[in-house]
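Descriptive analysis of the structure
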Amino acid sequence: NMLRAWMKGVDVKAQGYVGRDDFVEACKQVGFLKNADVLFDFMRPPGEGSFLTLKDFDAKAYKAFMRNDFRMLDERDQRGAPSPLEMTLEERTEKGFFFRIRKGWETSKSAEFAMHCKVYIPPKQEEVHPESFVNLCSRKYGSMVAAWRFGIDPKGRGQLNFNEFCTAVRRLGYRGSLRKLWAEICPSDSYVIRLKDIVKENGDAVTLFFEAIHERYEDLATLWSNLFKKDDAYSSVTLDDLKKGCKELEIPEDMVDMIFHSLQPTPGVKETLFLWDLDDMFVTTRRLWERKKPKHLRRPVKPVGTSLIVAKETNEARIRAQKEAEAKELGESLIVQHAATPQLVRHALERDFVSTVACWNLELDWRGKGTITRSQFLAMMYRCGICGNLQKLWDDFTQNRGDEASMSFMDLDPDAQAFLNECRGELLKKYKTLTQAWHEGIDPGHLEIVDLKDFADACKDALPLLKDDKVNTLFHYLMARHGQRSIRKENWRILLTGLPPSERPSAWGQGDDDDPHLNTVFREQEETRLIDTLDGFKRMLKAKYGSFFAAWKHALDREHNGYVMKQDFCLTCRRLGVKEVASIWREFLESTDKKNLITLEVLDTETAECWAELYRLLWKASVGDTLAAPASSAAPAAPVLEVNEAPQDEVPKDDGASPSPLPDDPGATNPVPANPGPENELQRSVTTVTTPEKTPNLKEGWRRAFDPRNIRRVERPRFFEGCKKLGYSKDPGRLFDLLRPERYREYLVYEDLVTDLNPNKFAVKANVKDTYLPMKYVATEEEVSLR
């Protein structure tokens, strides 16, 4: 056929194509007498290059080649072929498809067609003589017994059938005949194989050893303690111990070495046996031993791994019984000790205050005296929720020095104190003072803030002998609160813990306390401990909540009324630990003419004025087409209002000097003046009857001005840009500091300003309040018309 003509006569190099010269040479070989160049140009498609392919040579041959029909059986050409009547029986048979397809298969397996079809025929592999089964097991596991335990029968069944044995042996890597191996090992009268069938001597010795054990002991833990005299479950047995035990079991002495070698999981590596080395063999042989009994006498066998647990429990019970016996001999009854222990106290302090070091410096010894009294200790225990025999706990910490004794940090946590002393000694030895160590070793770039990664890099030079885990421990001790990710210079003072007060200035560095940015947190905390004046109360609020605005929102105005009565103020002071409530309340009332209540303006006038202006601008921005647009341009027609006078004893009169922002939401009750003017302004509630087309919303104003991309967090630069868009007249940086709820927070969110009752932005009715504001003010006529 034409396909074989192409492969054998034209494309003899099996390239898949032929050039002009190769084609002319092939024509000469077959005896073509006419011009072969003209034939080449005639057969080659125009513009297809200077070569000829099988598809160009013969399309039917190309199709046969693509379907692997090398004899072109599907392409029957009857021209010149004899008719079936002229052929003999053998010729007609050979022309059948059955014989022709088989000839094609045989032809396709030849090297010539493999070359044209790019088929890879791998060379014949040399015969590999398999390694003997015994040598393979001994090489991989050290002994045949170890190979049986961990390779052939890892599940501890004790016997294997032919299929299980073949799977295990192939898993070991044996490449020989499995049937021959099975015939050599398995007895003729059995259909399973056991350990003694593989290694008769070792198997008989191990079987004899465990049968003697099963006759005397029910579990391995009892064997370990009674036969080998080992009270500890983690102790080991040597060859001498095994000889003594086998002598008691009446096992021949010449078998002991063989038993010891067979029971080792890795022979030759260690010369001892542990309890868990015998556990699997004990359980396997115990199961086989129990099967020999009648069914009504068989007992269940515990699984592998329980022997160690039983041995530990037996050992603990023995120790407990020994202690009880000693207590009875001394005539003392065994009593239940108190639940509170020093270790429990340390865990509780770490849970509530990051570490015992932070609790000592910030709560217990915040004055820096170096010691605390019994009353301070008991107050901290009640605060942490530790109950029980606290007197016994105090004696444990103070080593029974009495109630009048004092406790130092060395008594509270000696390990932490020793670690701090070591670090402080190395720093003072290298830098002379801790301040110099901070500036030169820890913060050489004067960034005033150091995270864990920079701290670890700095400790490589400042504390080169400190390991990585100890560096993390030191950073943990320097933290003042949970979630803190960096430290400042004021946190560095924790290294003074344990030093007497007289030595602290020299260790820290003389003259460094004049720095206004140094030890801010510690100084403010110390000043806010004894609070008996209004200034001290305000400093405490600012130190605890970051700003007066956050303190008013989260601590004072907890009922979101816009004002605080005396009863609520007393409860807040009690919760904050302030005792001189009456004097502080009187100072509050002296600064205002309102009776029996205080507002945010009374707490801090600057905060109230800045918030009022920001509130009015946000309200206008929520309905205006452009930010900072005049209210008259975006205000709809004035709605119909219902005015009801509020009770005189609940809401104070406005003095005319306070700012007048808009109401908090369209449906809330808002005070409106009956007659504009400072001489007669009563707070009134305003209820909207008709709703404008675009309802004012504080959240919408915040989004337009500060958060148009819905990022939620508004950093300081974006806050400045938003204030500029709103047309805020005061300093935006000061406003940011007055509103942020934490000292080191560099962003604001909408919830920092108000209490959002509708965070998911559900559709609410007009009379439903979805926002709690920190202030309630009187609205102007312009703002009421805007609303």
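Here is what the cut-offs are and how they apply
Residues numbered from 1 in each chain as written. Predicted model: local features only at pLDDT ≥ 70, side-chain atom pairs only at ≥ 80, totals over all residues. Heavy atoms only, no water. Helix = DSSP H or I, 4+ residues; strand = E, 2+ residues; numbered from the N terminus. Buried < 20%, exposed > 50% of the residue type's maximum accessible area, 1.4 Å probe, protein only. Areas by Shrake-Rupley, 256 points an atom, 1.4 Å probe, with all protein chains shown as cover. Salt bridge = Lys/Arg side-chain N within 4 Å of Asp/Glu carboxyl O. Arc of directions from axis to C-beta. Phe/Tyr/Trp six-rings, centres within 6.5 Å; stacked < 30°, edge-to-face > 60°. Lys NZ or Arg CZ within 6 Å of the ring centre and 35° of its normal. Patch = residues over 30% accessible without salt bridge, like charges linked within 9 Å, V, L, I, M, F, W, Y side chains within 5 Å. Lys, Arg positive; Asp, Glu negative; His and termini not counted. Charge placed at Lys NZ, Arg CZ, Asp CG, Glu CD. Core = buried A, V, L, I, M, F, W, Y, C linked by side-chain atoms within 4.5 Å. pLDDT = per-residue confidence, 0-100. Contact = heavy atoms within 4.5 Å. Polar contact = N/O pair within 3.5 Å; in protein donor to acceptor, adjacent residues only side chain to side chain. Axes fitted to C-alpha atoms, helices over the stretch in contact; angles between N-to-C directions. Left-handed = near helix turned anticlockwise from the far one by under 90°. Nonpolar A, V, L, I, M, F, W, Y, C, P; charged D, E, K, R; others polar.

Brief notes about the overall build of the protein
Scanning the protein from N- to C-terminus turns up 41 helices and 14 strands. Each of the 787 residues in the protein was classed as buried or not, and the buried ones make up 42%. Of the roughly 45,200 Å² of accessible surface on the protein, a fraction of 51% belongs to carbon and sulfur atoms.

Topic: the pattern of salt bridges
For the structure shown, the criterion picks out 18 salt bridges. For the salt bridge of glutamate 715 with arginine 718, the shortest nitrogen-to-oxygen distance reads 3.3 Å. Residue glutamate 746 pairs with arginine 716 through a salt bridge whose shortest N-O separation is 3.4 Å. Here arginine 716 lies in helix α39 (residues 716-726) and glutamate 746 lies in the loop between α40 (732-739) and β12 (747-748), a separation of 30 residues in the sequence. Connected via shared salt-bridge partners are Arg716, Asp737, Arg740 and Glu746.

A look at helix α16 (residues 239-248)
Residues of α16 that are buried include every one of Asp241, Leu242, Gly245 and Cys246, and no others. Down the axis of α16, the buried side of the element spans an arc of 130°, and every buried residue falls inside it. Summarising the geometry of α16, the exposed residues directed more than 90 degrees from the buried face are Lys244 and Lys247. Note on α16: the residue one or two positions beyond its end, glutamate 250, has a positive phi of about 65°.

A closer look at the packing of aromatic side chains
The geometry of an aromatic ring pair comes down to the distance between the two centres and the angle between the two planes. Scanning the model with the defined rule gives 26 aromatic pairs in all. Their ring planes at 85° and their centres at 5.9 Å tell us that phenylalanine 133 and tyrosine 174 sit as a pair that is edge-to-face. In this pair, phenylalanine 133 is assigned in helix α9 (residues 133-141) and tyrosine 174 in the loop between α11 (162-172) and α12 (178-185), connecting sequence segments 41 residues apart. A relative accessible area of 11% places tyrosine 174 in the buried class. Centre to centre, the rings of phenylalanine 165 and tryptophan 182 are 5.6 Å apart; their planes meet at 55°, and the pair counts as tilted. Here tryptophan 182 lies in helix α12 and phenylalanine 165 lies in helix α11, a separation of 17 residues in the sequence. For the pair phenylalanine 165 and tryptophan 182, a shared accessibility class is recorded, and that class is buried. By way of ring pairs, the aromatic residues Phe133, Phe162, Phe165, Tyr174 and Trp182 are connected into one cluster. For the cation-ring pair, arginine 493 lies above tryptophan 508, with the distance from its terminal atom to the ring centre recorded as 4.4 Å. In this arrangement the basic side chain of arginine 713 is found over the ring face of tyrosine 747, its NZ or CZ atom lying 4.2 Å from the centre.

Focus: a positive patch on the surface
Together, Arg194, Lys196, Arg287, Arg291, Lys295 and Arg298 give the surface a local cluster of positive charge. Relative to the helices and strands, lysine 295 resides in the loop between α18 (275-291) and α19 (306-329).

Some words on the nonpolar core
Phe377, Leu427, Phe455, Leu474 and Trp492 are the most contacted members of the largest nonpolar core, which has 55 residues in total. Per-element accounting of this core gives the leading share, 6 residues, to helix α25 (residues 414-431). Met540, Leu618, Tyr728 and Tyr750 belong to the second largest nonpolar core, which has 54 residues in total.

Some remarks on the confidence of the model for the protein
Counting all residues, the mean pLDDT for the protein is 75, and 79% of those residues have values of 70 or more. Low pLDDT, under 50, characterises residues 331-338; the predicted model gives this stretch 5 contacts beyond four residues in sequence or across chains. Taken as a whole, residues 511-529 scores under 50 in pLDDT and shows 34 contacts with residues more than four places along the chain or in a different chain.

Details of helix α32 (residues 548-556)
Burial of α32 is extensive: 8 of the 9 residues sit out of reach of the surface. Buried within α32 we find Phe548, Phe549, Ala550, Ala551, Trp552, Lys553, Ala555 and Leu556.

Brief notes about the side chain of arginine 286
The residue arginine 286 is located in helix α18 in this model. Arginine 286 sits in the buried class, given a relative accessible area of 7%. A polar side-chain atom of arginine 286 sits 3.3 Å from the main-chain carbonyl oxygen of histidine 214. Discounting chain neighbours no more than four positions away, the residues touching arginine 286 are His214, Tyr217, Glu218 and Val301.

Here's the deal with the packing of helix α31 (residues 534-545) against helix α33 (residues 566-576)
Following both chains from N to C, one finds α31 and α33 inclined at 65°, their axes separated by 13 Å at the closest point. Here the hand of the crossing between α31 and α33 comes out left-handed. Residue-level contacts link Phe537, Met540, Leu541, Lys544 and Tyr545 of α31 to Phe569, Cys573 and Leu576 of α33. A per-class count over the contact of α31 with α33 returns 7 nonpolar, no polar and 1 charged.

Some thoughts on the environment of phenylalanine 210
The residue phenylalanine 210 is located in helix α14 (residues 200-216) in this model. Separated by 68 residues in the primary sequence, phenylalanine 210 and leucine 278 have C-alpha atoms spaced 9.9 Å apart. What phenylalanine 210 contacts, discounting residues up to four positions off in sequence, is Leu263, Leu278, Met281, Phe282 and Thr285.

Remarks on unusual backbone geometry
The backbone phi angle of histidine 446 is positive, close to 55°, even though this residue is not glycine. One non-glycine residue with positive phi stands out, namely arginine 712, at about 80°. If you trace the backbone, arginine 712 turns up in the loop between α38 (698-705) and β11 (714-715).

Thoughts on the environment of tyrosine 772
Here tyrosine 772 lies in strand β14 (residues 771-772). Counting along the chain gives 19 residues from tyrosine 772 to leucine 753, while the straight-line C-alpha distance between them is 9.5 Å. Residues contacting tyrosine 772, with those up to four places away along its chain left out, are His560, Val754, Thr755 and Leu757.

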